[in-house]
Amino acid sequence: TADAPGAAHLVPELKAQQLELGTPVCRTLDEVDRELRFWRDRAASAAAATGAHVAALATSPLPVEPLPTEGDRYARMLDTFGLTAREMLTCGCHVHVSVADDDEGIAVLDRIRIWLPVLTALTANSPFWHGTDSDYASFRSQAWHRWPSAGPSEVFADAAAYHRLIDRVLATGTVLDTGMVYFDARLSTNWPTVEVRTADVALRVEDAVTLAGVVRSLVETAARDAGTPPPDVPSVVLRVAAWRAGRSGLDGDLVHPLTGRPAPAADVVGALLDHVRPALADTGDEQRVTDGLGRLLRRGTGADFQRRVHRDTGDLAAVVRAAVSVTAGHPDETAQAAHRPTG
């Protein structure tokens, strides 16, 4: 669950309203839980020093003018990509999982791609955009696909094909560098990992831990299946599936990865769990991840939480206050925080 495995950090991002945190390498879900809580506490302390608070939201419920962070690379992004870069104030969650080498990494990428839209649905936490209900559960996923290199990729077959494609993307002179190759999942350029990038940042730590468990088990399952042909699903179908996941989250039908047909979200999540169950059992995570997915299906996503608070209060500022409370690990205080008068 770190953007740079092995190098824990708390650093600025593209916009001044963002913080990026990264955990060190974690070998168990207990470690992921501890590290995320530690770094969220650090982030809250850093924000408090400036008179601010931290809310783990993938977009801002309130209208806000994104303020660019100083730096040459960020300035180049703003100059090159115009309104897309100026408006981009979104927060995702990237999960890195180690692989033996690039060949194993490509075998993994080719086999997990059909499941990635489900991760967007599970983590949807961005229903509001510029002060308006977007009618999407994850509007971050919609905004993110405005970047020219974002989205699903085709089957690569081998590492050489992957690197040839990266070279061709860079040769267009459109993206600034390999860091802007925003595939839904990619080989890390700095670490021996596969990096899965489709999730919204999770409002609750326990949901981020569930995501980490699912992603690790997806990678392990794919590595074990490397000797069998990967599913032959065109990227355009995956793009449609990703749109569907961002639109409805867990509150409607998703595109079933194995049939390409609509199916209730609970059925699709069940198919995902069945797919990765042996890998979860081998790491001792089966019960924890099963329980985590069950909680998400029962109580809903971060998007559902935000909409409940807004429905109860009619106040987007109350949504932010409630999110700050949950981010800090105080869900019992949510109702009180949501109804506190705006100062």
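It should be emphasised that the depicted structure is a prediction, and the values quoted were computed from it without experimental measurement.

What counts and what doesn't
Throughout this document, residue positions are counted from 1 along each chain, in the order its sequence is written. With the structure being a predicted model, the display of local features is reserved for residues of pLDDT at least 70 and the display and counting of side-chain atom pairs for 80 or more, all residues being used for whole-chain, interface and lining totals. As a convention, hydrogens and water are excluded, and side-chain values are obtained from all of the structure's heavy atoms. Secondary structure elements follow DSSP: runs of H or I no shorter than four residues count as helices, runs of E no shorter than two count as strands, and numbering proceeds from the N terminus. We take the radius of gyration over the C-alpha atoms and set the globule estimate at 2.2 Å times the residue count to the 0.38 power. A simple rule labels every residue: compare its accessible area, found with a 1.4 Å probe on the protein chains alone, to the largest value its type can have, and call it buried under 20%, exposed over 50%, or partly exposed in between. Whether two residues touch is decided by their heavy atoms; if any such pair falls within 4.5 Å, the residues are in contact. Working definition of accessibility: Shrake-Rupley area with a 1.4 Å probe, residue cover restricted to the visible protein chains. Lines fitted to the C-alpha atoms define the axes, with helices restricted to the stretch that makes contact. Angles between their N-to-C directions range from 0 to 180 degrees. Roughly parallel refers to an angle under 35 degrees, roughly antiparallel to one over 145, roughly perpendicular to one between 65 and 115, and oblique to any angle outside these ranges. Handedness of a crossing follows from how the near helix is turned relative to the far one, being left-handed for an anticlockwise turn of less than a right angle and right-handed for a clockwise one. In this classification, Asp, Glu, Lys and Arg are treated as charged, Ala, Val, Leu, Ile, Met, Phe, Trp, Tyr, Cys and Pro as nonpolar, and every other residue, Gly included, as polar. Think of a polar contact as two N or O atoms within 3.5 Å of one another; within protein, one of them needs to be a possible hydrogen donor and the other a possible acceptor, and neighboring residues in sequence only count if both atoms come from side chains. Patch membership requires more than 30% relative accessible area and the absence of a salt bridge. Residues of like charge join within 9 Å; the nonpolar side chains Val, Leu, Ile, Met, Phe, Trp and Tyr join within 5 Å. Salt bridges, as used here, are contacts in which a Lys or Arg side-chain nitrogen is within 4 Å of a carboxyl oxygen on Asp or Glu. All tallies of charge rest on Lys and Arg as positive and Asp and Glu as negative; His and the ends of each chain are not included. Positions of charges follow a simple convention, taking NZ of Lys, CZ of Arg, CG of Asp or CD of Glu. By convention, a stacked pair of Phe, Tyr or Trp rings (six-membered ring in the case of Trp) has centres within 6.5 Å and planes under 30 degrees apart, an edge-to-face pair has planes over 60 apart, and any other such pair is tilted. Any residue with an atom within 4 Å of a point lines the site, the site being either a cavity, points on a 1 Å grid over the protein atoms alone where a 1.4 Å probe fits but cannot get out, or a pocket, an open set with protein on both sides within 12 Å along at least 5 of 7 lines. Grid points are joined across faces, edges and corners, and a volume is the space filled by probe spheres set on the points.

1. Details of the overall build of the chain
Part 1 of the argument: For the chain, the count of helices and strands is 13 helices and 9 strands.
Part 2 of the argument: For the chain, the C-alpha radius of gyration of 19 Å lies close to 20 Å, the compact-globule estimate for 343 residues.
Part 3 of the argument: C-alpha atoms of the chain, sized along the principal axes, occupy 60 × 45 × 35 Å.
Part 4 of the argument: Per-residue burial over the chain gives 52% buried out of 343 residues.
Part 5 of the argument: Pairs at least 24 residues apart make up 73% of the contacts formed inside the chain by residues separated by at least 6 positions.
Part 6 of the argument: Accessible area for the chain stands at about 15,300 Å²; split by element, carbon and sulfur atoms hold 53% of it.

2. Let's talk about the packing of helix H9 (residues 265-283) against helix H10 (residues 286-299)
Part 1 of the argument: Interhelical geometry of H9 versus H10 gives an angle of 165 degrees and a closest axis separation of 10 Å. Considering their axes alone, H9 and H10 lie roughly antiparallel with respect to each other. In terms of crossing hand, the pair formed by H9 and H10 is right-handed. Taking contact as the criterion, the partners of Ala 266, Val 269, Leu 273, Arg 277, Leu 280 and Ala 281 in H9 are, on H10, Glu 286, Val 289, Thr 290, Leu 293 and Leu 297.
Part 2 of the argument: For the contact of H9 with H10, a count of residues per class yields 8 nonpolar, 1 polar and 2 charged.

3. As for the side chain of Thr 198
Part 1 of the argument: Mapping Thr 198 onto the fold places it in strand S7 (residues 193-200).
Part 2 of the argument: Given the relative accessible area of 8%, Thr 198 is considered buried.
Part 3 of the argument: Within the local environment of Thr 198, its side chain forms a polar contact with the backbone oxygen of Leu 116, the two atoms lying 3.5 Å apart.
Part 4 of the argument: Discounting residues that sit within four places of it in the chain, Thr 198 has contacts with Leu 116, Leu 119, Thr 120, Arg 140 and Asp 184.

4. Points about a negative patch on the surface
Part 1 of the argument: Taken together, the side chains of Asp 101, Asp 102, Asp 103 and Asp 158 define an acidic patch exposed on the protein surface.
Part 2 of the argument: In this fold, Asp 102 is placed in helix H3 (residues 102-112).
Part 3 of the argument: Taking relative accessible area as the criterion, Asp 102 reaches 37% and is therefore assigned partly exposed.

5. Focus on the packing of aromatic side chains
Part 1 of the argument: Applying the stated rule across the entire model yields 9 aromatic pairs.
Part 2 of the argument: Ring centres 5.5 Å apart and planes at 65 degrees place the aromatic pair Tyr 136 and Phe 139 in the edge-to-face group. The two residues Tyr 136 and Phe 139 agree in class, both being buried.
Part 3 of the argument: Three or more aromatic residues joined by ring pairs form one cluster here, namely Phe 81, Trp 144, Trp 147 and Tyr 182.

6. Looking at the packing of helix H7 (residues 205-224) against H9
Part 1 of the argument: Where H7 meets H9, the axes come as close as 8 Å, and the angle between the chain directions of the two elements is 90 degrees. Considering the angle they form, H7 stands roughly perpendicular to H9. Across the interface between the two elements, Gly 213, Val 214, Arg 216, Ser 217, Leu 218, Glu 220, Thr 221 and Arg 224 of H7 pack against Leu 272, His 275, Val 276, Pro 278, Ala 279, Leu 280, Asp 282 and Thr 283 of H9.
Part 2 of the argument: When its residues are assigned to classes, the contact of H7 with H9 shows 7 nonpolar, 5 polar and 4 charged.

7. Quick word on empty space enclosed by the protein
Part 1 of the argument: One pass over the full model with this rule turns up 5 cavities of 30 Å³ or more.
Part 2 of the argument: There is about 90 Å³ of room inside the largest cavity.
Part 3 of the argument: Quantified by volume, the second largest cavity comes out at close to 70 Å³.
Part 4 of the argument: Around the second largest cavity sit Ser 60, Leu 62, Pro 63, Val 64, Pro 66, Glu 87, Leu 89, Trp 129 and His 130, which together line it.
Part 5 of the argument: Its residues assigned to classes, the lining of the second largest cavity comprises 6 nonpolar, 2 polar and 1 charged.

8. Section: the pattern of salt bridges
Where charged atoms of side chains with opposite charge meet at close range, the side chains can pair.
Part 1 of the argument: Throughout the structure, instances matching the rule amount to 18 salt bridges.
Part 2 of the argument: The salt bridge involving Arg 73 is made with Asp 177; its shortest N-O contact spans 2.8 Å. Of the two residues, Arg 73 is situated in helix H2 (residues 72-87) and Asp 177 in the loop between helix H6 (159-171) and strand S6 (185-187); the sequence distance between them amounts to 104 residues.
Part 3 of the argument: Taking the shortest distance from any N to any O, the salt bridge between Arg 113 and Glu 154 comes out at 3.8 Å. Of this pair, Arg 113 sits in the loop between H3 and helix H4 (116-123) while Glu 154 sits in the loop between helix H5 (139-144) and H6; the two residues are 41 residues apart in sequence, bridging distant segments of the chain.
Part 4 of the argument: Of the residues examined, Arg 113 reaches a relative accessible area of 5% and is grouped as buried.
Part 5 of the argument: Judged by its relative accessible area of 42%, Glu 154 is partly exposed.

9. Considerations on a nonpolar patch on the surface
Part 1 of the argument: On the surface, a nonpolar cluster with roughly 240 Å² of combined accessible area is contributed by Val 236, Val 237 and Val 240.
Part 2 of the argument: Relative to the assigned elements, Val 236 resides in helix H8 (residues 235-248).
Part 3 of the argument: Taking the relative accessible area as the measure of exposure, Val 236 reaches 55% and is therefore exposed.

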